[in-house]
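Single-letter residue listing:
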Amino acid sequence: MVTTLAPAPVSASTRPPAARRRNTHLRKRTLVNYALVAPALLLSIIIVVIPGILTLLFAFTDWSGVGFNVDFIGIQNFQDILADPVFATSLANNIKWLVLFLTIPVVIGLLTAMLLLRRKRIRTFYQVIYLMPYVLAPVVNALIWQTVIYNPNGGVFGLLGIQPPTAMTATSLYAAAAVDMWHYWGFLTIVYLGALRQTPVDQVEAAIVDGASGWKVFRHVYLPSIRSTLLLMGVMTVIFSFLAFDYVFLLTQGGPAHSSEVMGTYAYAFAFSSFEFGKAAAVGIIMSFFGLLASILYTSISRRELVR
Amino acid sequence: MKRKRLVAAAIGIAAAAAITLAGCSGSGAGGRQTLQLWFWGAPPQQQQTMKKVLVDEFNASQKKYNLQVNFNNAVDKNVQVALSANKGPDIVYGSGPSFSAAYAAQGKLADMTPYAKKYGWEDRILPTMYQAGTVDGKLYSLPNSIEDIGVFYNKKVLDKLGVGIPKTYDDLVADMDKAAAAGLYPSVTGNQGWKPVNQNYISLFMAQVAGGKTTYDALQGTIPWTDPAMVKAVQDSADFYKKGYLGGKDYSTLNFDQSVQLLSKEKSPFMIGPSLIFQFASNYFNDKAGNTSDLGYMPFPSIEGDRPNPYATLGTTASLSINAASKNKDGAAAVIDYMMSDKFTKEMNKSWPGYWAVPLKNFDLNADEYSGLSKPFVTAMKDTIAGVNEKHYGFFVGTFFPPATATAFTDIDSVWLGKESATEFLKNVQTTFDKEKAKGLVPPIPEPVN
């Protein structure tokens, strides 16, 4: 005879009616919850998860992007890319892009946000002006700069008799980054201003009463107060920097001589010029890897702050 | 009440779906089958020409089909994505035979050989161009137009410089030096916004310096791309660029349209580039501005003394194929046949010079019947076709080279700007080419003479 210490299962019929009703209600609620989440989940699976998995798979194939004749070639695409000096240039340019975007627009954004913080009446007007380049399509911004600023015949550089920076290998990346930063810093100003306005007024007033200088108020009151916003925007900037494409493609196409090539334009050429989608997918995976690192870092810092 | 509403909603959804599906089907107005052609986003005036000469005329010529043309600048990418999903237009507009070969290899294009027999295309089309569109002996594409790389010049500027129209390469170089000394651009051109413009100039130097036969041998794999003749061609193109003969210092910040504008504003005596530039030129050299006769065009003078003069850099502006997924292949073939006709060629060239030198064996257009820039374009293309019949030509990279190899040649600016040597550049080309050759992506090309 086998004996057990486990409690005997309670059949549904032996449960009290109130518990049964609660269980049925919970089951119904769970079903409703699933039904409500389903459309968003399904959409995410179809347009994010499945293409993501396919991209990962295609990175190990020689897929041409047309048809379904595919051979698995192992890590050949990654080997080819890593052996290509243009990839090293692209990666280095993405890192330069990241450094530029983590410094220049952040400093300008913070500075302008602090300036606007005290100007309550006029700040709405300035916010609209600052946000304008951000809401304009990249192709419009790029066209404006190409024709008005970087044009050697009739543009600002042409009138000054200086060769446009987009034409030189040493400056082409910075020329494209300048336009992207010009369109981006206004957005940062608005975000930082919103965060700065959440700083408790009593803390600011207490610091001023204690004789703190403007810099010290900013350093010890405002900056800690907007720390989480700075961190979030920083992580977003890291992700965007490795996905940079539009302004480089529109202004320099990665040239001259690959000098402004970033991983986005490098992958694009594989996909739409060479019919090498497999390689484009491999570059895409590498790009995503850096974004993933930034996301992990952000999550870990956020968790640590929560614990603190 | 609730149930009635549900039924009404279901009927509404069903009706909307039916209307949508009807719109997606191939049936057009008046029971005609709809034929789709996706074309690049040509300027409005040229779209009107196409509508009048192709769409209206074709639709009026028969009662079975209704042709629709959709203009879009992203046509290449749109076609690529649509074909991979077994969708897309009935008539496939492509970048050239090499791109069509890549689609054909994946079974995305229909075999046009039966239509070639039915319409007698092989008898009408230049053999070089017909052959370039075949894969394993089957026809998959026909070019809409041939093109050559030549020299556009502004006669007024040449007069001001006190020089005549250059007859030799040395004359051309001397005139460009004189222009530079006078504070002008030696010549104008540039790749802003379209990096593959580089292909024009490396194609020109491969044709002129290495020769068509040498390029042919490299494409067949009988000689390596690092052959000394090829290295010399690449190096000579770099020397040409460094001397400022390609847009001076502004090559990266000029495009074709701006370059023609500068030529019309007398900022330079020359513009070196493909004959399709005629279509941009008509915006700035026209009867309204009263300067049509200022613009001239000549084939690029032979660089090597022993090469026939003129010696063409033969290319195509685009190619036409039939979508394997099309339900109206017969109709698509009828449209392509219409576009390969004498009548269509004559009409299109009246108001759209530069894009419609249909590769007919008998390009029987009388230049005297044309006005404006159509006149010099027709003359130039007749001369090019005569040269092609003599086998005096080299190959345009974007037309005859497999896609990844063509992209590798687009990177020629790395040599021009001193980032890598001619030999290193050609070694990279060889690596890319070997892979494509192994996949059978090199289109069959006829053998020219050096």
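Keep in mind the model is a prediction, meaning the values are calculated, not measured. Per chain, residue numbering runs from 1 following the sequence as it is written. Written order decides the labels, with chains lettered from A and ligands numbered from 1. The predicted nature of this model means local features are confined to residues of pLDDT at least 70 and side-chain atom pairs, given and counted, to a pLDDT of 80 or more, with totals for whole chains, interfaces and linings taken over all residues.

## So, the overall build of chain B
Argument step 1. Summing up its helical and strand segments, chain B has 21 helices and 13 strands in all.
Argument step 2. Here the globule rule is a power law, 2.2 Å times the number of residues to the power 0.38, and the radius of gyration is based on C-alpha atoms. Radius of gyration (C-alpha) of chain B: 23 Å, near the 22 Å computed for a compact globule of 450 residues.
Argument step 3. With respect to the principal axes defined by its C-alpha atoms, chain B has extents near 85 × 55 × 50 Å.
Argument step 4. Burial statistics for chain B: of 450 residues in total, 52% are counted as buried.
Argument step 5. Two residues form a contact once the distance between their C-beta atoms, set from the backbone, is within 7 Å. Contacts in chain B between residues far apart in sequence, at least 24 positions, make up 78% of those at least 6 positions apart. Starting at the N terminus, helices and strands are each numbered in turn, a helix being any DSSP run of H or I of at least four residues and a strand any DSSP run of E of at least two. Remark: C-beta atoms are placed from the backbone, and a residue is labelled buried if 20 or more other C-beta atoms sit within 10 Å of its own, exposed if 12 or fewer do, or partly exposed between those counts.

## Description of the packing of helix α2 (residues 76-83) of chain A against helix α13 (residues 277-307) of chain A
When two helices pack together, their arrangement is given by the angle between the helix axes and by the axis-to-axis distance.
Residue and element names in this part refer to chain A.
Argument step 1. Structural elements are reduced to axes, namely lines fitted to C-alpha atoms, with helices fitted over the stretch in contact, and the angle between N-to-C directions of any two is expressed from 0 to 180 degrees. Where α2 contacts α13, the axes come no closer than 9 Å and their chain directions differ by 70°. By the angle class used here, α2 and α13 are roughly perpendicular. Residue-level inspection shows Asn77, Phe78, Asp80 and Ile81 of α2 in contact with α13, the latter providing Gly278, Lys279, Ala282 and Val283. These descriptions rest on fixed angle ranges, namely under 35 degrees for roughly parallel, over 145 for roughly antiparallel, 65 to 115 for roughly perpendicular, and the rest for oblique.

## Details of the domain arrangement of chain A
Argument step 1. An automatic or database domain assignment supplies the residue ranges for each domain. Split into domains, chain A comes out as domain 1 (15-58) and domain 2 (86-307).
Argument step 2. Inter-centroid distance (C-alpha atoms) of domain 1 of chain A to domain 2 of chain A is 37 Å.

## A closer look at the pairing of strand β3 (residues 91-94) of chain B
The side chains of a regular strand alternate between the sheet's two faces.
Residue and element names in this part refer to chain B.
Argument step 1. The two faces of β3 match: Ile91 and Tyr93 on one face and Val92 and Gly94 on the other face are all buried.
Argument step 2. Here, strands pair whenever DSSP counts at least two bridges between them. Here β3 runs beside strand β12 (residues 319-322); their pairing, made up of four bridges, is antiparallel. Looking at β12, one finds that Ile91 is bridged to Ile322.

## Quick word on the environment of Ser259(B)
Argument step 1. Mapped onto the secondary structure, Ser259(B) falls in helix α13 (residues 256-264).
Argument step 2. When near neighbours in sequence (up to four residues on either side) are disregarded, Ser259(B) contacts Val188(B), Thr189(B), Gly190(B), Leu254(B) and Met271(B).

## Examining the sheet that holds strand β11 (residues 312-316) of chain B
Residue and element names in this part refer to chain B.
Argument step 1. Ordered by their spatial adjacency, three strands build an open sheet running β7-β11-β13, and the pairing between neighbours is mixed. Here the strands that pair on one side only, and so sit at the sheet edges, are β7 (146-147) and β13 (393-395).
Argument step 2. Summarising the sheet, β7 and β11 pair through two bridges and their orientation is antiparallel. Bridge pairing in β11 links Ile146 to Thr316.
Argument step 3. Strands β11 and β13 of the sheet are contacted by helix α10 (residues 198-210), whose axis makes an angle of about 140° with β13.
Argument step 4. Each of β7, β11 and β13 touches helix α17 (residues 374-389); the most contacted strand, β11, lies at about 105° to it.

## Brief notes about the nonpolar core
Nonpolar side chains tend toward joint burial in soluble globular proteins.
Argument step 1. In this description, a nonpolar core means buried residues of the types Ala, Val, Leu, Ile, Met, Phe, Trp, Tyr and Cys, linked to one another by C-beta atoms lying within 7 Å. Counting residues in hydrophobic clusters, the biggest one holds 137 residues, and the most contacted among them are Ile91(B), Tyr93(B), Phe152(B), Ile277(B), Ala281(B), Val335(B) and Ile336(B).
Argument step 2. Among the elements that make up this core, the one with the highest residue count is α10(B) (eight residues).
Argument step 3. Each of domain 1 (2-145 + 316-369) and domain 2 (147-315 + 394-438) of chain B gives at least three residues to this core.
Argument step 4. Ranked by size, the runner-up nonpolar core spans 57 residues in total, among them Ile226(A), Phe249(A), Ala271(A) and Val283(A).

## Looking at the confidence of the model for chain B
All names here are of chain B.
Argument step 1. Residue-level confidence of the predictor, termed pLDDT, takes values from 0 up to 100. Here chain B averages 91 in pLDDT, and 93% of its residues register 70 or above.
Argument step 2. Taking the mean pLDDT of every element in chain B, the minimum, 50, falls on helix α1 (residues 2-24) and the maximum, 98, on helix α12 (residues 228-242).
Argument step 3. pLDDT under 50 marks residues 16-25. Its contacts with residues more than four places away, or in other chains, come to zero contacts.
Argument step 4. We note a pTM of 0.86 for the whole complex and an ipTM of 0.84 for its interfaces.

## Thoughts on the interface of chain B and chain A
Argument step 1. Across the boundary between the two partners, chain B contributes 22 residues, which contact 24 residues of chain A.
Argument step 2. The leading source of residues in the side of chain B that touches chain A is helix α3 (residues 75-84) of chain B, at four residues.
Argument step 3. Residue composition of the side of chain B that touches chain A, grouped by class: seven nonpolar, eight polar and seven charged. Polar here means any residue outside two lists: the nonpolar Ala, Val, Leu, Ile, Met, Phe, Trp, Tyr, Cys and Pro, and the charged Asp, Glu, Lys and Arg; Gly therefore counts as polar.

## Things to note about the environment of Ala280(A)
All names here are of chain A.
Argument step 1. Within the fold, Ala280 resides in helix α13.
Argument step 2. Residue Ala280 is classed as buried on the basis of its 25 C-beta neighbours within 10 Å.
Argument step 3. In the structure, Ala280 is positioned 114 residues away from Thr166 in sequence and 25 Å away in space, judged by C-alpha atoms.
Argument step 4. Those residues in contact with Ala280 that sit more than four places away from it in its chain are Ala267, Phe270 and Ala271.

## Here we look at the domain arrangement of chain B
All names here are of chain B.
Argument step 1. Domain annotation of chain B identifies domain 1 (2-145 + 316-369) and domain 2 (147-315 + 394-438).
Argument step 2. Each of domain 1 and domain 2 was reduced to a C-alpha centroid, and the two centroids are 31 Å apart.
Argument step 3. Across the contact, 17 residues belong to domain 1 and 16 residues belong to domain 2.
Argument step 4. For the side of domain 1 that touches domain 2, the secondary-structure elements that each account for two or more residues are α4 (97-105) and α7 (127-132).
Argument step 5. The element best represented in the side of domain 1 that touches domain 2 is α4, accounting for four residues.
Argument step 6. When its residues are assigned to classes, the side of domain 1 that touches domain 2 shows eight nonpolar, nine polar and no charged.

## Some words on the environment of Leu56(A)
All names here are of chain A.
Argument step 1. Mapped onto the elements, Leu56 comes out in helix α1 (residues 17-58).
Argument step 2. On the basis of neighbour count, Leu56 is assigned to the partly exposed category, with 14 C-beta atoms found within 10 Å.
Argument step 3. Residues Leu56 and Trp182, 126 residues apart in the sequence, show an inter-C-alpha distance of 34 Å.

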